[in-house]
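Observations on the three-dimensional arrangement
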Amino acid sequence: MPTLHLKKQQLINGYRRFDPTRGMEYTLDLQLEVVNQKGHSRSITKRVHLVRPLSLIEIIPMPYVTEATRVHVIIPLTAEDRSFVNHFLEVFASNAFETSENAILTFLFIYDPEEAQHVNHNDIFADVKNQINVYERKYPTVKIPWISVKTEIPSQIKFMDIISKKHPVDTLFFLAHVNTNINTEFLNRCRMNSINNWQVFFPIHFQEYNHDVAYHNQPRPATVDLIKDAGHFDRRSFDEACFYNSDYMATRSRMVADVQENEDILESLDIYDIFVKYSGLHVFRAVEPALHQQYRYQSCNPKLSEDVYHRCIQSNMEGLGSRSQLAMLLFEQEQGNST
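Given the structure is predicted, the values throughout are model-derived calculations rather than measurements.

So, on to the pattern of salt bridges. Evaluated as defined, the whole model comprises ten salt bridges. When the shortest N-O distance is used, the salt bridge between R189 and E185 registers 3.0 Å. One end of the pair, R189, and the other, E185, are both in helix α5 (residues 184-193), four residues apart, so they sit about a helical turn from each other. Overall, R189 belongs to the partly exposed group, its relative accessible area being 26%. Across the pair R236 and E318 runs a salt bridge, and its minimum N-O distance is 3.0 Å.

And the structure:
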């Protein structure tokens with residue numbers, strides 16, 4: 001078989017695209033010199049496709065999983081989250097109720113002690129409960145259960161302790177925030193990436209920037225694309241999680257000694273922390289393009305642990321806009337002040 005030697009002469013065209021699930025992809029048109037065994041050469045143009053992966057590729061044997069598993073979507077709600085409920089239900093109904101998606105939606109209403117005292121005559125979640133009734137009438141086969149809890153400090157672990165006891169051990173949970181757009185594509189990845197007694201999944205959602213910053217002096221788009229000027233993957237957020245109830249229960253049982261020694265850790269740690277520290281399972285964390293979240297300013301609770309509180313503050317700051325967008329706003333402000 002004849003041997004050919006290739007030598008790059010020049011780059012004609014080049015294109016690159018960042019795929020958050022793979023890495024940087026390149027398409028290159030190269031002008032090459034081809035030399036055969038007899039020394040004869042000629043110039044050709046060749047297109048090549050390359051990828052620079054996000055990390056070292058490692059093949060890990062995985063147990064069998066299926067996309068038929070029912071997902072229990074858990075949405076904790078505080079008083080300040082109520083404004084997102086209408087949009088959330090519209091999107092969820094379109095993507096799940098109307099398509100008979102194998103998923104059950106459950107709301108967790110979080111009352112502080114003062115709000116709980118007035119629940120009989122001034123329920124802060126009365127409008128949300130009315131909305132739930134409307135959707136249950138619209139979709140007769142759908143039931144949207146809700147659970148009420150009273151607490152001064154909204155702790156993920158304390159909430160999940162309550163929810164865990166109300167579900168079978170083989171339940172697959174997706175813990176999410178109310179301003180997250182949930183669709184079938186993501187629910188299938190939740191099913192595939194959560195493996196009982198093996199792996200839990202913490203997706204990194206795409207967070208929209210503040211529209212006042214990202215679209216300053218521009219018309220607002222009807223839909224937001226997955227581009228760097230529209231938002232970012234919020235690596236500071238650990239709100240979303242997919243895991244099996246049996247894995248959560250086993251992890252909690254390993255915390256007993258530490259909780260007896262210091263009960264405050266139930267408020268200082270979040271679900272991600274306890275799986276990393278106590279479970280012994282694979283904790284899979286990856287960017288998730290199908291999980292899209294509207295911009296929101298988070299109210300960071302200083303009563304939570306310093307790490308959780310600091311992550312919340314950082315998430316707020318990084319979620320305002322890109323550096324170039326913020327720099328442009330500052331520049332315009334400086335220009336305005338100088339005139």
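Turning next to the sheet that holds strand β1 (residues 5-19). Overall, antiparallel pairing links the three strands, which are arranged β1-β2-β3 in an open sheet. Because the sheet does not close on itself, it has two edges, and the strands there are β1 and β3 (41-53). Between one strand axis and the next, the sheet turns through 15 degrees on average, direction left out of account. Pairing of β1 with strand β2 (residues 23-35), which is carried by 13 bridges, proceeds in the antiparallel orientation. Paired with K7 across the two strands is E33, which belongs to β2.

Next up on the list: the pairing of strand β6 (residues 146-150). Side-chain alternation along β6 places I147 and V149 on a buried face and W146, S148 and K150 on a face that remains uncovered. Looking at chain direction, strand β5 (residues 103-111) and β6 are connected through five bridges and run parallel. When the bridges of β6 are listed, F109 appears paired with S148.

Even without a glycine there, the phi angle at S100 is positive, about 55 degrees. Within the secondary structure, S100 sits in the loop between α1 (85-97) and β5. Overall, S100 belongs to the exposed group, its relative accessible area being 66%. In this structure, N197 is a non-glycine residue whose phi angle is positive, near 65 degrees.

So, on to the packing of helix α7 (residues 245-253) against helix α10 (residues 271-279). At a minimum axis separation of 9 Å, α7 and α10 run at an interaxial angle of 70 degrees. Taken as axis vectors, α7 and α10 run roughly perpendicular relative to one another. α7 and α10 meet at a crossing whose hand is left-handed. Side by side, α7 and α10 meet where D247, Y248, T251 and R252 of the first sit next to I271, I274, F275, Y278 and S279 of the second.

A few words on the packing of aromatic side chains. In this structure the tally under the stated criterion is 19 aromatic pairs. When the ring of Y111 is compared with that of F125, the centres are 5.1 Å apart and the planes differ by 85 degrees; the resulting orientation is edge-to-face. With a gap of 14 residues between them, Y111 in strand β5 and F125 in the loop between α2 (113-117) and α3 (126-138) connect regions that are remote in the sequence. Residue class for Y111 comes out buried when judged on its relative accessible area of 4%. On the basis of relative accessible area, F125 is assigned to the buried category, the value being 0%. Following the ring pairs from residue to residue traces out a cluster consisting of F88, F92, F97, F107, F109, Y111, F125, Y135, Y139 and W146. Above the plane of the ring of Y272 lies R285, whose end atom (NZ or CZ) is 5.9 Å from the centre.

For Q325, the location among the structural elements is in helix α12 (residues 323-338). For Q325, a relative accessible area of 12% translates into the label buried. Spatially, the C-alpha atoms of Q325 and D229 are 8.2 Å apart, while their sequence positions differ by 96 residues. Ignoring anything within four residues of it in the chain, the contact list for Q325 reads Y209, V213, A214 and D229.

Turning next to the pairing of strand β9 (residues 199-208). Along β9, ten of the ten residues are buried, which leaves the element largely enclosed by surrounding structure. Bridge count for β9 against strand β12 (residues 282-293) is eight bridges, and the pairing is parallel. Note on β12: the bridge partner recorded for F206 is H292. Strand direction decides the pairing type here: β9 and strand β10 (residues 231-233), joined by three bridges, are antiparallel. Bridge pairing in β10 places F206 opposite F233.

Cut-offs used in this document
Residues numbered from 1 in each chain as written. Predicted model: local features only at pLDDT ≥ 70, side-chain atom pairs only at ≥ 80, totals over all residues. Heavy atoms only, no water. Salt bridge = Lys/Arg side-chain N within 4 Å of Asp/Glu carboxyl O. Helix = DSSP H or I, 4+ residues; strand = E, 2+ residues; numbered from the N terminus. Buried < 20%, exposed > 50% of the residue type's maximum accessible area, 1.4 Å probe, protein only. Pairing = 2+ DSSP bridges. Axes fitted to C-alpha atoms, helices over the stretch in contact; angles between N-to-C directions. Parallel < 35°, antiparallel > 145°, perpendicular 65-115°, else oblique. Left-handed = near helix turned anticlockwise from the far one by under 90°. Contact = heavy atoms within 4.5 Å. Phe/Tyr/Trp six-rings, centres within 6.5 Å; stacked < 30°, edge-to-face > 60°. Lys NZ or Arg CZ within 6 Å of the ring centre and 35° of its normal.

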